[in-house]
Amino acid sequence: MSSAPTPTDPATPAEDEAAAFADLGLRTELLNALAVLGYEEPTPIQREAIPPLLAGRDLLGQAATGTGKTAAFALPLLQRMPDDRPGGDPVSLVLVPTRELAVQVSEAFHRYGKDLGARVLPIYGGQPIGRQLRALDAGVDVVVATPGRALDHIARGTLRLGALATVVLDEADEMLDMGFAEDIEAILEHAPAGRQTVLFSATLPTRIDGLARKHLTDPVRIRIEREQPVAGAAPRVRQSAYIVARGHKPAALGRVLDVESPTAAIVFCRSREEVDRLTETMNGRGYRAEALHGGMSQEQRDRVMGRLRSGTADLLVATDVAARGLDVEQLTHVVNYDVPSAPESYVHRIGRVGRAGREGVAITLAEPREHRMLKTIERVTGQRIAVDKIPTVADLRTRRLELTQAALRESLLEDDLEPFRAIVESLTDEFDLVEVALAAVRLAHEATLPGTADEEEEIPQVAVRAPRETRPGYEGRDRRGGARPRAGGTTQVFIGLGRRAGVRPQDLVGAITGETGVSGRDIGSIEIADRFSLVEVPYGVADEVIQGLRGSTIKGRKATVRRDRDRDSDGGDHRERRERR
Ligand code: AMP
């Protein structure tokens, strides 16, 4: 892989990284999976949670999405799975609030557990139960389920919990907010008494504490966000963030770079794989990008740094590990392609710019679900991260014209233009002087345009308002019961546009989070039929969602929006919690 270590470089990053995960006690099959995924080092929560979980301890973890918490519990669970698994009943059960999370978490288990032959099944409402029955019948090791559907299967006798070694409650606060408390209690009653129980929650309201006290035995407690500001976290850096759907990230990065026109920028990615993919994409879009990651030899790294310093490259795409200790004077911009997994890492990254009195710029591309992590970073650093709108095509054009104008001004003030006088004079015999100038400006302008960037593409805005906790007049989610009375549980909102109108889940989430104060985390299952869509939201915010959507457009169209009628007659089994109010 990489060359022998040099005396000044006692261990190559690749060796460091293997050691970092191996030090946590993970077995070879899992280390291999992580190497393939290009994870270079454990995130803070992984470092703290993996060893006690491997030892079989119960755990209470306070951590939000984006901290790497899924791997923090998935890796030890997979390792604790016995090699010899004759029966077909699951050894691990993970309960999650939404269908999306069920799919996401089970995909993570699948990726990490491939070499161990782990059989993972997501089960959630909205999916035909027949498929789940067949899969359960064939035997599974890990079930990732929403509580309502899990309970359905337990009642039918199709999900048997007798062999469970571990139960994980993921995003427990969300599950309670969605009215799943009783279901969780009922499920835990069916689980063996001696099992390991793991609870992750972004917040720890009293109800979560109660749940933990009742079901966890002498748990290890881990808290990933810190109250204290990180020392030295005050660089002169303009900080902003853009909320953007995953699929639009490369285009958004290009757009932001075009508008910012950095002298040199470093783009941080979470994994080596992402570094390679993004470098290729950005090169394809006409940028001069170089990859830097832990899989490269010292010599390769030196070459890359040389190209950045000499200006042959203007974009460095790197992982944290590879960029450690890096000091490039030319750097003006730091871009977080993902929200970093810990505030400390954010502070560390943006410390690369804003040195020696120069102003630096830090830009973060956050997916809607990572919005909360941004808030955590703001709280820890005590600095504001402005959430900006992604520049539109029109913004970009205006900005480019400004740059051309500035370049012409500079040339008029500084350059020796005499050699060109003859051209202008001969053209003015035939054309008006202003027309000659216009043509010259046009040529100068076009020369600055990147060759292949798809600059005409409009990037959808995903607006996210400030979370309720920070908005005036709102008393906070822990006390939500007092602040806004609600019936608990969820309801479905009917939207009269579906697949035929090109509606995708992200359009609905974008419209809801953009038009209301509801966060993406509050949105439950989303079903998109040909002509309509159904979105599951907490009862308490349904009216807000309906009003918000009525006042806006989805995919450029106005839609009928109302509470879903009683749809039992159509036989659709999207109604996971039919019985519950
Ligand atoms: P989570 O907080 O579990 O939703 O994870 C957030 C993202 O970080 C996911 O896309 C993971 O694939 C990624 N991730 C988790 N752990 C690591 C790691 N140690 N290195 C790089 N990426 C990671």
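Structure: see above.
All values derive from a computational prediction rather than experimental measurement. (Residues numbered from 1 in each chain as written. Predicted model: local features only at pLDDT ≥ 70, side-chain atom pairs only at ≥ 80, totals over all residues. Heavy atoms only, no water.)

A. Just the sheet that holds strand β18 (residues 561-563), in detail. Reading across the sheet, the four strands line up as β16-β17-β15-β18 and stay open at both edges, with antiparallel pairing between neighbours. The outermost strands of the open sheet, each flanked by one partner alone, are β16 (526-528) and β18. Adjacent strand axes in the sheet meet at a mean angle of 25°, parallel and antiparallel pairs treated alike. Pairing geometry for strand β15 (residues 490-495) and strand β17 (residues 533-538), over six bridges, is antiparallel. Its bridge partner lying in β17, Thr-491 is registered against Val-537. Strand contacts of helix α21 (residues 505-515): β15, β16 and β17, with the helix running at about 125° to β16, the strand carrying the most contacts. Sheet strands touched by helix α22 (residues 542-550): β15, β17 and β18. Its angle to β18, the strand with the most contacts, is close to 165°. (Pairing = 2+ DSSP bridges. Helix = DSSP H or I, 4+ residues; strand = E, 2+ residues; numbered from the N terminus. Axes fitted to C-alpha atoms, helices over the stretch in contact; angles between N-to-C directions. Contact = heavy atoms within 4.5 Å.)

B. Main features of the packing of helix α7 (residues 147-156) against helix α9 (residues 181-190). The contact between α7 and α9 brings their axes to 9 Å, and the two run at 40°. Our classification of the angle between α7 and α9 gives oblique. Read as a crossing pair, α7 and α9 show a hand that is left-handed. Across from Pro-147, Gly-148, Ala-150, Leu-151 and Ile-154 in α7, the residues of α9 making contact are Asp-183, Ile-184, Ala-186, Ile-187 and His-190. (Parallel < 35°, antiparallel > 145°, perpendicular 65-115°, else oblique. Left-handed = near helix turned anticlockwise from the far one by under 90°.)

C. Looking closely at the environment of Ala-186. Counting through the fold element by element, Ala-186 comes out in helix α9. Accessibility expressed as a relative area gives 21% for Ala-186, which makes it partly exposed. In sequence terms Ala-186 and Ile-154 are 32 residues apart; their C-alpha atoms lie 9.8 Å from each other. (Buried < 20%, exposed > 50% of the residue type's maximum accessible area, 1.4 Å probe, protein only.)

D. Here's a closer look at the site of the ligand. Lining the immediate surroundings of the ligand are 14 residues, of which Tyr-39, Gln-46, Gly-66, Gly-68 and Thr-70 lie closest. Between the ligand and the protein, one listed contact pairs a nitrogen atom with a side-chain N or O atom of Gln-46 at 2.7 Å. Between the ligand and the protein, one listed contact pairs an oxygen atom with a backbone N or O atom of Thr-67 at 3.0 Å. Coverage of the ligand by the protein chains reaches 85% of its 500 Å² of free accessible surface. (Near = heavy atom within 4 Å. Polar contact = N/O pair within 3.5 Å; in protein donor to acceptor, adjacent residues only side chain to side chain. Areas by Shrake-Rupley, 256 points an atom, 1.4 Å probe, with all protein chains shown as cover.)

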